[in-house]
Protein chains: 2
Amino acid sequence: MCSRPAPREPLRRVAVIGGTHGNEMSGVHLARHWLRALGELQRPSFSAVPVLANPAATAACRRYVDCDLNRAFTGAFLTARAHPDDPYEVTRARELNQLLGPKASGQAFDFVLDLHNTTASMGTCLIESSHNVFAMHLCRHLQLQSPELPCRVFLYQLPGEETYSVNSVAKSGLGLELGPQPQGVLRADLLVRMRALVAAALDFIQLFNQGTEFPAFELEAYRNVSSVDFPRTETGDLAGTVHPQLQ
Amino acid sequence: MCSRPAPREPLRRVAVIGGTHGNEMSGVHLARHWLRALGELQRPSFSAVPVLANPAATAACRRYVDCDLNRAFTGAFLTARAHPDDPYEVTRARELNQLLGPKASGQAFDFVLDLHNTTASMGTCLIESSHNVFAMHLCRHLQLQSPELPCRVFLYQLPGEETYSVNSVAKSGLGLELGPQPQGVLRADLLVRMRALVAAALDFIQLFNQGTEFPAFELEAYRNVSSVDFPRTETGDLAGTVHPQLQ
């Protein structure tokens, strides 16, 4: 069975975001690169916009300056009256909401890719929070590009929970999380992989825009069941680690 | 040929320091552990003192709060009149100089081990800056504990350069630098290795204190020849990375 995944209209307004966390260097470096070389993000039916999401945190090579930008796109933050004492990231979230949104409006960008790294040795993780058929087809397309590499799908957002990530400003989006890479460090292998994944994602949007139908599929996806903390001492210090043979 | 390496007197005042950089977790975790369990640092002829060097940076899980503590043990910082606006690490360097020094005085600690991590995949690096025969014998002893593991000696301090590290407060010292480990992350394999190296170093001091003679040896050591930056764009951004096959 083949079908053309929703949405019905071609996607024209697409953004690729790096530096949402300022010390996750694959996206930081690629966003800077694309801001100098826009051609790599162009396809016949659209031109994706590169965005360096958190310039102050990127300059400081830190995850954030005042608070986590990727938790700042809530209705409360975006609609509150601006104040000089607002955290930097809240002000920046409002700016990005103007650029890519407004959130939940018809004017919002059609699709956003948000580029992240993790220190965990998880390979590629596709973080999907919009639960729509289009994004799932994109995940499948990305998995098929390099079937030999681990590329797992994580359904991030809980049903009914208010969205708060930069992706949530657009109509739909996908997070790419690559690891392992220390914060502030740029590994060439992950940079090459991230760049290839973004190219493949833009190629998929182009295929969709030109009316391609995609076969139905079954896909394994992960979701959060519960969190398990490390064993701790009475004062909260770690009393154990991951076993060397498991890490 | 055998000889008893200088110094001539047994070493009684020994410290093991973690958290000089607050996000290098092997030493942070071990210092916290030893502060609760002093017995592990005791030997028949001495009891090593565990020190968490930078508590504020450790609490924030950052390398430092205001400036690099491991560059703050200069004569200028240590002897200047204290001022409420002094950087946190300068104040802390003065406190540690009181605890472990005063630097270059007869009262200073005999030996200090300072525990660090790096994101570089270098295994174990022994950072030696006091250029004395005792420390070189200790390096040799540590190498012989696990000859199958990479354990290189780096002669850090340039001749004639003013010393500025926490080690420089004591009469002699050695830095242990283990990697790869991301900042803020605790890997069990590196934790086990660091703990074993510290135990072996204390065992060596015990052997020395009880009059053991050590055979002469030849040892390969590294020193800094020059620094090579990455290729960069006109605006200072990276224009290249380490090749994936080399990293």
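Residues numbered from 1 in each chain as written. Chains lettered and ligands numbered in written order. Predicted model: local features only at pLDDT ≥ 70, side-chain atom pairs only at ≥ 80, totals over all residues. Heavy atoms only, no water.

Chain A appears in an unreviewed UniProt entry as Aminoacylase 3 from Myotis lucifugus. Taken from UniProt, the Subcellular location (unreviewed entry) comment for chain A reads in full: "Cytoplasm". (UniProt positions renumbered as here; feature names shortened; annotations may be inferred.)

Q: Outline the pattern of salt bridges, supporting the account with residue identities and numerical values.
A: Under the counting rule described, the total for this entry stands at 22 salt bridges over all chains. Between Asp237(B) and Arg32(A) there is a salt bridge, with its nearest N and O atoms 3.8 Å apart. Pair noted here: Asp237(B) is in the segment after strand S11 (221–223) and Arg32(A) is in helix H1 (residues 25–36), and the two residues belong to different chains. On the basis of relative accessible area, Asp237(B) is assigned to the buried category, the value being 18%. (Salt bridge = Lys/Arg side-chain N within 4 Å of Asp/Glu carboxyl O. Helix = DSSP H or I, 4+ residues; strand = E, 2+ residues; numbered from the N terminus. Buried < 20%, exposed > 50% of the residue type's maximum accessible area, 1.4 Å probe, protein only.)

Q: Provide a residue-level description of the sheet that holds strand S6 (residues 111–117) of chain B, including the pertinent values.
A: All names here are of chain B. Strand order in the open sheet formed by 7 strands is S5-S2-S6-S9-S7-S8-S11, and the pairing between neighbours is mixed. Each edge of the open sheet carries a strand with a single partner, namely strand S5 (49–52) and S11. Sheet twist, expressed as the mean angle between neighbouring strand axes with direction ignored, is 25°. Sheet topology places S6 next to strand S9 (residues 173–179); 6 bridges connect them, and they run parallel. When the bridges of S9 are listed, Asn 117 appears paired with Leu 178. (Pairing = 2+ DSSP bridges. Axes fitted to C-alpha atoms, helices over the stretch in contact; angles between N-to-C directions.)

Q: Can you explain the packing of helix H5 (residues 133–145) of chain B against helix H6 (residues 188–209) of chain B? Please cite residues and give values.
A: Residue and element names in this part refer to chain B. Between H5 and H6, the least distance of the axes is 10 Å, while the angle of their chain directions is 130°. Viewed along their axes, H5 and H6 adopt a mutual orientation that is oblique. When the axes of H5 and H6 are compared, the crossing they make is right-handed. Contacts between H5 and H6 involve Phe 134, His 137, Leu 138, His 141, Leu 142 and Gln 145 on the former and, on the latter, Leu 197, Ala 200, Ala 201, Phe 204, Ile 205, Leu 207 and Phe 208. Taken together, the residues of the contact of H5 with H6 sort by class into 10 nonpolar, 3 polar and no charged. (Parallel < 35°, antiparallel > 145°, perpendicular 65-115°, else oblique. Left-handed = near helix turned anticlockwise from the far one by under 90°. Contact = heavy atoms within 4.5 Å. Nonpolar A, V, L, I, M, F, W, Y, C, P; charged D, E, K, R; others polar.)

Q: Let's hear about the relation of the copies chain A and chain B: which residues, and what values?
A: With an RMSD of 0.0 Å, the fit of chain A onto chain B corresponds to turning through 180° and sliding 0.0 Å along the axis. Such a turn and shift between the copies fits a two-fold axis. No C-alpha of chain A lies nearer the rotation axis than that of Pro182(A), which sits 2.2 Å from it. Most of the interface of chain A is mirrored in chain B, where 100% of its interface residues are also at the interface. (Least-squares fit on C-alpha atoms with pLDDT ≥ 70 in both.)

Q: Report on the environment of Glu40(B), specifying residues and quantitative values.
A: Residues and elements named next belong to chain B. By the secondary structure assignment, Glu 40 is in the loop between helix H1 (25–36) and strand S3 (42–43). Exposure remark for Glu 40: the relative accessible area of 29% places this residue in the partly exposed category. Each C-alpha atom, one on Glu 40 and one on Ala 59, is 24 Å from the other, the two residues being 19 residues apart in sequence. What Glu 40 contacts, discounting residues up to four positions off in sequence, is His 33, Trp 34, Arg 195 and Leu 202.

Q: Residues and numbers for the packing of aromatic side chains, please.
A: Residue and element names in this part refer to chain A. Scanning the entire structure with this criterion turns up 12 aromatic pairs over all chains. Between Phe 111 and Phe 134, the ring centres sit 5.5 Å apart and the planes meet at 70°, which makes this aromatic pair edge-to-face. Residue Phe 111 is located in strand S6 (residues 111–117), and its partner Phe 134 is located in helix H5 (residues 133–145); the two are separated by 23 residues in the primary sequence. Comparing Phe 111 with Phe 134 shows no difference in burial state: the two are buried. On the numbers, 5.0 Å between centres and 75° between planes, the contact of Phe 134 with Phe 208 is edge-to-face. Of this pair, Phe 134 sits in helix H5 while Phe 208 sits in helix H6 (residues 188–209); the two residues are 74 residues apart in sequence, bridging distant segments of the chain. A residue is classified by how much of its surface remains accessible, and Phe 134, at 1% relative accessible area, is buried. Take Phe 208: its relative accessible area is 0%, and that puts it in the buried class. (Phe/Tyr/Trp six-rings, centres within 6.5 Å; stacked < 30°, edge-to-face > 60°.)

Q: Outline the UniProt feature "domain: Succinylglutamate desuccinylase/Aspartoacylase catalytic" (unreviewed entry) in chain A, listing residues and values.
A: This chain's UniProt record puts "domain: Succinylglutamate desuccinylase/Aspartoacylase catalytic" (unreviewed entry) on residues 11–205 of chain A. The span residues 11–205 of chain A is 34% helical and 19% strand by assignment, and the distance between its end C-alpha atoms comes to 7 Å.

Q: Hey, could you go over the interface of chain A and chain B for me, with residue numbers and the actual values?
A: Listed per partner, the contact involves 21 residues of chain A and 21 residues of chain B. For the pair chain A and chain B, the number of links is 4 salt bridges. Viewed at the interface, chain B and chain A are joined by 3 residue pairs in polar contact (both at pLDDT 80 or more). Put simply, the parts of the chain that give the side of chain A that touches chain B at least two residues each are H1 and H6 of chain A. (Polar contact = N/O pair within 3.5 Å; in protein donor to acceptor, adjacent residues only side chain to side chain.)

Q: Run through the pairing of S9(B), naming residues and quoting values.
A: Residue and element names in this part refer to chain B. Counting buried residues along S9, 7 of its 7 residues qualify, which places the element largely inside the surrounding structure. Because side chains alternate across S9, one face comprises the buried residues Gly 173, Gly 175, Glu 177 and Gly 179, and the other comprises Leu 174, Leu 176 and Leu 178, equally buried. As defined by bridge partners, strand S7 (residues 123–128) adjoins S9 across 5 bridges and the pair is classed as antiparallel. In the strand pairing of S9, Thr 124 is matched with Leu 178.

Q: Go over unusual backbone geometry, please, and point to the residues and values.
A: Omega for the peptide link from Gly101(A) to Pro102(A) comes to 0°, which places this bond in the cis form. Along the chain, Pro102(A) turns up in the loop between helix H4 (88–100) and S6. With an omega dihedral of 10°, the bond running from Gly179(B) to Pro180(B) counts as a cis peptide bond. Structurally, Pro180(B) is set in the loop between S9 and H6.

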